[in-house]
Amino acid sequence: MSVGKTALRAYKTEIDPNPEQIVLIHKTIGTCRYVYNLFIQKNKERYEESEKFLSGYDFSKWLNNVHSKQEEFKWIKDVSSKAVKQSIMNADGAYKKFFKKLTAFPKFKKRSDYGNFYLIGSIRVKRHLIQLPTLGKVKLKEKGYIPFENVKSCTVSREGDRYFVSVLVEEDKLPKTETKKTEGVGIDMGIKEFLYTSNGESVANFSKSEQLIKLTKSLKRQQRKLSRREKGSANFRKQKVIIQRLHRKIRNIKMDLKRKLILKIVQRNPQFVTIEHLNIKGMQRNRRLSNSLQQIGIGYFIEWLRMKCLEREIELRRADRFYPSSQICSGCGERKKMPLHVRLYDCDHCGMKKDRDLNASINLKKAKEYTVLT
Ligand SMILES: [Zn+2]
């Protein structure tokens, strides 16, 4: 299926900047306000003297080459030049609207606890942080909400004592023309590490990535190291940090693999996608499971899947709460107990042998009682 057009979509989320970053955010907002007001002031004078309008482009040149060269205005250069430039273009735009008689004469921006600035350049997103030009790595309060790829630009804003980032992401815009729907798909994504589909695809066979194998090996090595450290010592704590970082890296790669697999599935335009009903509260009561549950961030993942299905008008089904997808034989329909550690479904009735997750995903696909989520 060919994917032609793209569209920009905004994602806004709260950030948790450190004290130095907060200082820089305030400073950038202040500088942008100063430059904006300077532009308004300059052109106001020109307007009153019936002189020609000074464009944002020319003002920007003057600001860089003349104004901020003076000792007392050097601080303008302390913040992102992209942010300053955008602020000038905003002021330029305000005048242009006024000239077109769309708005009143541009106003000065007042000092306040609210403000924002624009950034463009290399922006990298991870589950828990966003790397921004000049600000560096900023913690995200809501983990995993912003897509990892194709972030084009962003606006950082302050709302009192809270801070936000709104990123523009380039996303595929699918042609409206109806492509033929393909067979429905069941996805088993419970508490296990992997995602399995009724087509036999899984993140397990995706994740033969060398990077992941390397990281897993490294994790084992570091864990052995930790076991040799004296509990509570400085070295022990240091070693723990190394391990946490590795865990995080692995988690992100796996999450990314899952997203890729899901994208691959929805791009085939199936009639429906069925997932299981995850009794999250029940799982959290089980300590062994709750840890991996947190790692997967399942709630977020389902929401993401729902969005992808909505975009493509695919019916997303959630099987009934008591539908025993892992206990039924997908071959003959017989049922048997399947404790979590049993990885192979070996049917006593018809002799079918299938990976536990594959069997469950086929059953999900066949599920007749479900709730439609899209
Ligand atoms: Zn059977």
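Structure's up top.
Residues numbered from 1 in each chain as written. Predicted model: local features only at pLDDT ≥ 70, side-chain atom pairs only at ≥ 80, totals over all residues. Heavy atoms only, no water.

Chemist: So what exactly am I meant to see when it comes to the sheet that holds strand β11 (residues 315–319) here?
Modeler: Sheets are built from strands that pair by backbone hydrogen bonding, the pairs being arranged parallel or antiparallel. Pairing within the open sheet is mixed, and its 5 strands lie in the order β9-β8-β10-β11-β14. Edge positions in the sheet fall to β9 (196–197) and β14 (370–372), since each of these pairs with one other strand and no more. Sheet strands touched by helix α10 (residues 356–366): β8 (185–188), β9, β10 (272–275) and β11. Its angle to β8, the strand with the most contacts, is close to 135 degrees. (Pairing = 2+ DSSP bridges. Helix = DSSP H or I, 4+ residues; strand = E, 2+ residues; numbered from the N terminus. Contact = heavy atoms within 4.5 Å. Axes fitted to C-alpha atoms, helices over the stretch in contact; angles between N-to-C directions.)

Chemist: Please explain the sheet that holds strand β3 (residues 124–125) as it appears in this structure.
Modeler: If you walk across this open sheet you meet the 7 strands as β2-β6-β7-β1-β5-β4-β3, and the pairing is antiparallel. Looking along the sheet, the strands with just one partner apiece sit at the ends: β2 (114–120) and β3. Of the pairings in the sheet, the one linking strand β1 (residues 6–16) to strand β7 (residues 162–172) comprises 10 bridges and is antiparallel in character. Of the residues in β7, the one forming a bridge with I15 is Y163. The strands touched by helix α1 (residues 19–48) within the sheet are β2, β5 (136–140), β6 (151–159) and β7, with β2 carrying the most contacts at an inclination of about 95 degrees.

Chemist: Would you explain the environment of A360 in this entry?
Modeler: Checked against the element boundaries, A360 lands in helix α10. Residues A360 and E276 lie 84 residues apart in sequence; the distance between their C-alpha atoms is 9.0 Å. With residues near it in sequence (within four places) discarded, A360 still touches D188, S325 and S326.

Chemist: Just checking my understanding: could you explain the pairing of β6 for this structure?
Modeler: For a regular strand, side-chain orientation follows a simple rule: the groups alternate between the two sheet faces. Where β2 and β6 come together, 7 bridges link them in antiparallel fashion. Following the sheet pairing, N116 is matched in β6 by S157. Pairing of β6 with β7, which is carried by 8 bridges, proceeds in the antiparallel orientation. Within β7, the residue paired with S157 across the bridge is F164. Between β6 and the antiparallel strand that follows it, β7, lie 2 residues; G160 among them carries a positive phi value of about 70 degrees.

Chemist: Would you mind showing me how to read the pairing of β10 here?
Modeler: A two-sided burial pattern is seen for β10, the buried positions comprising F272 and T274 on one face and V273 and I275 on the other. Summarising the sheet, β10 and β11 pair through 4 bridges and their orientation is parallel. Opposite V273, over in β11, you have L316 as the bridge partner. (Buried < 20%, exposed > 50% of the residue type's maximum accessible area, 1.4 Å probe, protein only.)

Chemist: In this structure, what is going on with the nonpolar core? I would like to understand it.
Modeler: Generally speaking, a soluble globular protein has its nonpolar side chains buried in company with each other. Counting residues in hydrophobic clusters, the biggest one holds 55 residues, and the most contacted among them are I130 and V156. For this core, the leading source of residues is helix α6 (residues 234–267), giving 11 residues. Inspection of this core shows a minimum of three residues originating in each of domain 1 (6–172) and domain 2 (185–202 + 258–372). Ignoring sequence-local partners within four residues, the contact set of V156 consists of I15, I25, G115, N116, F117, L119, L132, L135, F164 and V165. Counting residues in hydrophobic clusters, the runner-up holds 16 residues, among them V35, Y36, L38 and I76. (Core = buried A, V, L, I, M, F, W, Y, C linked by side-chain atoms within 4.5 Å. Domains from an automatic or database assignment.)

Chemist: How should I be thinking about the packing of α1 against helix α2 (residues 56–65) in this particular structure?
Modeler: Where α1 meets α2, the closest approach of the two axes is 11 Å, and the angle between their N-to-C directions is 115 degrees. As α1 packs across α2, the resulting crossing turns out to be right-handed. Judged by residue contacts, V35, L38, F39 and K42 of α1 engage G56, F59, W62 and L63 from α2. Residue composition of the contact of α1 with α2, grouped by class: 6 nonpolar, 1 polar and 1 charged. (Left-handed = near helix turned anticlockwise from the far one by under 90°. Nonpolar A, V, L, I, M, F, W, Y, C, P; charged D, E, K, R; others polar.)

Chemist: Looking at this structure, I do not really get the packing of helix α5 (residues 210–228) against α6. What am I missing?
Modeler: Describing two packed helices takes the angle between their axes plus the distance from one axis to the other. Packing of α5 against α6 brings their axes to within 10 Å, and their N-to-C directions diverge by 160 degrees. Put simply, α5 runs roughly antiparallel to α6. Like other packed secondary-structure pairs, α5 and α6 cross with a definite hand, here left-handed. Along the contact surface, α5 presents Q211, L212, L215, T216, S218, L219, Q222, Q223, K225 and L226, while α6 presents F236, Q239, K240, I242, I243, L246, H247, K249, I250, I253, K254 and L257. Taken together, the residues of the contact of α5 with α6 break down into 11 nonpolar, 7 polar and 4 charged. (Parallel < 35°, antiparallel > 145°, perpendicular 65-115°, else oblique.)

Chemist: I would appreciate a short explanation of the pattern of salt bridges in the present structure.
Modeler: Opposite charge on two side chains lets them pair, provided their charged atoms get close. Throughout the structure, instances matching the rule amount to 18 salt bridges. In this structure, E14 and R162 form a salt bridge, with 2.6 Å as the shortest nitrogen-oxygen distance. Taken together, the positions of E14 in strand β1 and R162 in strand β7 put the pair 148 residues apart, joining distant regions of the chain. Residue R162 is classed as partly exposed on the basis of its relative accessible area of 42%. The shortest N-O distance in the salt bridge between E311 and K308 comes to 3.6 Å. Taken as a pair, E311 and K308 lie in helix α9 (residues 298–311) at a separation of 3 residues, close to a single helical turn. For E311, a relative accessible area of 30% translates into the label partly exposed. Sharing partners across several salt bridges, the network here consists of R9, K308, E311 and R312. (Salt bridge = Lys/Arg side-chain N within 4 Å of Asp/Glu carboxyl O.)

Honestly, it's all geometry; don't read function into it.
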